[in-house]
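Examination of the molecular architecture
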Amino acid sequence: MNILLLGSGGREHALAWKMVQSQHCDELFIAPGNAGTAHFGTNLQLSPNDFPAIRQACMDNNIRMLVVGPEEPLVLGIYDFFKKDPSLQHIVVVAPSAAAAQLEGSKAFSKKFMQRHQIPTASYAEFTEQNLEAGKAYIRSHSLPVVLKADGLAAGKGVVIAGSHEEALQVFEDMIVKRQFGEAGSRVVIESFLKGIEVSVFVLTDGEHYQLIGHAKDYKRIGEGDTGPNTGGMGCVSPVPFMDETFMRKVEEKIIRPTVNGLHSEQLDYHGFIFFGLMNMDGEPYVIEYNCRMGDPETEVVMPLLQTDLVALFAAMDNGTLVDTNIVFDERSCATIVAVSGGYPGSYRKGMLISGLTDAGSGDGTIVFHAGTREADDEVVTNGGRVLAVTSYGNTISEAVAASRAALDKISFEGMYFRRDIGYEFGDREA
Ligand code: AMP
Ligand code: GLY
């Protein structure tokens with residue numbers, strides 16, 4: 001069948017890499033894609049949020065399956081758009097309905113959902129302009145640090161961990177009164193800080209059953225030793241040593257099953273990925289956030305470790321046989337390191353020539369996934385903050401990380417930066 005994949009990052013390059021390995025994938029189209037996805041299919045220059053253009057692309061290219069990478073089209077209701085249109089209804093859509101995508105699209109919705117289903121998460125309260133003064137009083141009496149979250153999508157920037165009440169009050173006003181994040185911040189969730197180690201867990205669900213498809217630890221800070229500002233993610237490792245059977249059992253019993261059962265009992269239509277952003281606090285899992293999509297760069301380690309045919313899994317999700325599928329994982333470890341443009345996560349330049357790509361990707365155990373790249377006159381140039389995600393396999397995490405570092409040392413572009421310490425806390429144990 002012909003498949004259309006929406007998005008343009010490293011996540012989409014990894015999904016494309018995985019899907020073209022399936023015997024069920026005839027032609028792959030990616031909208032808009034990047035210089036890497038162009039090797040696996042046809043890039044279509046259209047926005048993932050332009051539903052009429054996507055509809056036309058599906059009709060023109062006999063598309064039978066739509067896979068959605070980023071969150072915006074999910075929250076905007078791409079699933080419902082397809083299911084309502086008689087000429088698109090036959091297409092398998094890997095996405096939640098708009099109502100279910102509120103798990104990511106509204107922090108207040110997701111907190112209430114977790115409360116209804118007794119899913120462990122940080123205690124919280126929500127405020128709008130109507131009860132601004134009550135919000136300020138709540139902040140003044142809150143323990144520190146305190147976490148403030150813009151309710152809606154804010155391109156990953158809507159969460160602030162404030163170390164003082166003054167800072168929290170300022171952030172609160174910026175969000176609600178000054179509308180720093182526009183409408184997304186007209187409602188603010190204030191919650192307690194959870195101290196522990198973060199891990200991202202991924203499932204594929206048909207809204208009733210689910211299959212675990214992997215997990216990863218993401219390194220979010222720009223600087224080595226987890227310092228400096230937050231980014232979209234500077235690297236990932238998988239599997240994570242503390243994700244043992246005992247912890248995974250707790251994650252499934254206390255979090256994943258109640259979530260999927262909750263979706264089912266509330267008739268929230270869901271056919272896609274759920275990304276559980278978890279905190280491991282002294283061996284107990286808590287939900288920090290839900291996302292309705294795969295993570296980036298988590299996908300760049302999760303897909304290489306998943307041996308099961310992904311397109312077959314999507315088909316099973318659609319036809320009610322997901323529960324009967326057998327998921328097989330590679331036994332090795334995997335690491336990805338993200339190379340970013342100078343200045344990221346602040347402002348950065350685009351259009352820098354990237355050299356060394358062929359040499360870096362020539363090793364057996366290394367895959368160079370493109371994130372922010374584009375083709376320009378037979379060359380590849382930078383086109384975003386996160387430029388490449390270099391993934392390697394290894395017998396240990398340290399081995400995988402070392403292989404990705406060595407591959408990145410062969411690549412260069414002006415201003416290129418990457419963290420050399422991805423997976424640092426798991427090194428000694430395995431060396
Ligand atoms: P989010 O956009 O919800 O993923 O939040 C971004 C990041 O903020 C998370 O990945 C965590 O590192 C951090 N964070 C969010 N909520 C909390 C919390 N309640 N306690 C500690 N850290 C948090
Ligand atoms: N790496 C975190 C995310 O995709 O949201």
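Above: the structure in question.
Just so it is clear, the structure is predicted and the values come from calculations on it, not from any experiment. (Residues numbered from 1 in each chain as written. Chains lettered and ligands numbered in written order. Predicted model: local features only at pLDDT ≥ 70, side-chain atom pairs only at ≥ 80, totals over all residues. Heavy atoms only, no water.)

1. As for the layout of surface pockets
- Considering only enclosed or pocket space, the second largest pocket measures out at about 380 Å³ in volume.
- Surrounding the second largest pocket, 17 residues form its lining, Gly214, His215, Ser238, Pro239 and Phe329 being those nearest its centre.
- Among the secondary structure elements, those contributing two or more residues to the lining of the second largest pocket are β11 (210-218) and α10 (299-305).
- Per-element accounting of the lining of the second largest pocket gives the leading share, 4 residues, to β11.
- Broken down by class, the residue content of the lining of the second largest pocket amounts to 10 nonpolar, 4 polar and 3 charged. (1 Å grid on protein atoms, 1.4 Å probe; cavity = no way out; pocket = protein on both sides within 12 Å on 5 of 7 lines; lining within 4 Å. Points joined across faces, edges and corners; volume = space filled by probe spheres on them. Helix = DSSP H or I, 4+ residues; strand = E, 2+ residues; numbered from the N terminus. Nonpolar A, V, L, I, M, F, W, Y, C, P; charged D, E, K, R; others polar.)

2. Notes on a nonpolar patch on the surface
- Residues Val159, Ile161 and Phe193 make up a contiguous nonpolar surface patch of about 240 Å² in total accessible area.
- On the secondary structure map, Phe193 appears in the loop between β9 (188-192) and β10 (197-205). (Patch = residues over 30% accessible without salt bridge, like charges linked within 9 Å, V, L, I, M, F, W, Y side chains within 5 Å. Areas by Shrake-Rupley, 256 points an atom, 1.4 Å probe, with all protein chains shown as cover. Salt bridge = Lys/Arg side-chain N within 4 Å of Asp/Glu carboxyl O.)

3. Some points on empty space enclosed by the protein
- Tallied over the full model, the rule gives 3 cavities of 30 Å³ or more.
- Estimated volume of the largest cavity: approximately 40 Å³.
- Forming the boundary of the largest cavity are Lys107, Ser110, Lys111, Met114, Lys149, Glu191, Ile288 and Glu289.
- Sorting the residues of the lining of the largest cavity by element identifies α6 (107-116) and β16 (284-291) as the ones contributing at least two each.
- By residue number, the principal contributor to the lining of the largest cavity is α6, which donates 4 residues.
- Taken together, the residues of the lining of the largest cavity sort by class into 2 nonpolar, 1 polar and 5 charged.

4. Quick look at the sheet that holds strand β8 (residues 159-162)
- If you walk across this open sheet you meet the 4 strands as β6-β9-β7-β8, and the pairing is antiparallel. For this open sheet the edge positions go to β6 (124-127) and β8, each flanked by a neighbour on one side alone. Here the strands of the sheet are splayed against their neighbours by 20° on average, with no regard to which way each runs.
- Sheet analysis places strand β7 (residues 146-150) next to β8, joined by 4 bridges and oriented antiparallel. Counted as the bridge partner of Leu148 is Val160 from β8.
- Set on the sheet, α6 makes contact with β6, β7, β8 and β9; between it and β6 the angle comes to about 145°. (Pairing = 2+ DSSP bridges. Axes fitted to C-alpha atoms, helices over the stretch in contact; angles between N-to-C directions. Contact = heavy atoms within 4.5 Å.)

5. Some remarks on the site of ligand 1
- Taken together, the neighbourhood of ligand 1 is formed by 14 residues, with Glu191, Leu194, Glu198, Lys220 and Glu289 sitting nearest.
- A distance of 2.7 Å is found between a nitrogen atom of ligand 1 and a side-chain nitrogen or oxygen belonging to Glu191.
- Separating a nitrogen atom of ligand 1 from a backbone N or O atom of Leu194 is a distance of 2.8 Å.
- Summarising the interface, the protein chains cover 90% of the accessible area of ligand 1, which totals 470 Å² for the free molecule.
- Taken together, the elements giving at least two residues each to the shell around ligand 1 come down to β7, β8, β9 and β16.
- A breakdown of the residues in the shell around ligand 1 according to their chemical character gives 7 nonpolar, 1 polar and 6 charged. (Near = heavy atom within 4 Å. Polar contact = N/O pair within 3.5 Å; in protein donor to acceptor, adjacent residues only side chain to side chain.)

6. Concerning the pattern of salt bridges
- The full count for this structure, using the stated rule, is 26 salt bridges.
- One salt-bridge network, in which partners are shared between bridges, spans Glu71, Glu104 and Arg293.

7. Let's talk about helix α8 (residues 165-176)
- The end-to-end C-alpha separation of α8 is 16 Å, in line with the 16 Å expected for 12 residues at 1.5 Å each.
- For α8, the elements touching its buried residues are β6, α7 (132-140), β7, β8 and β9. (Expected span 1.5 Å × (residues − 1).)

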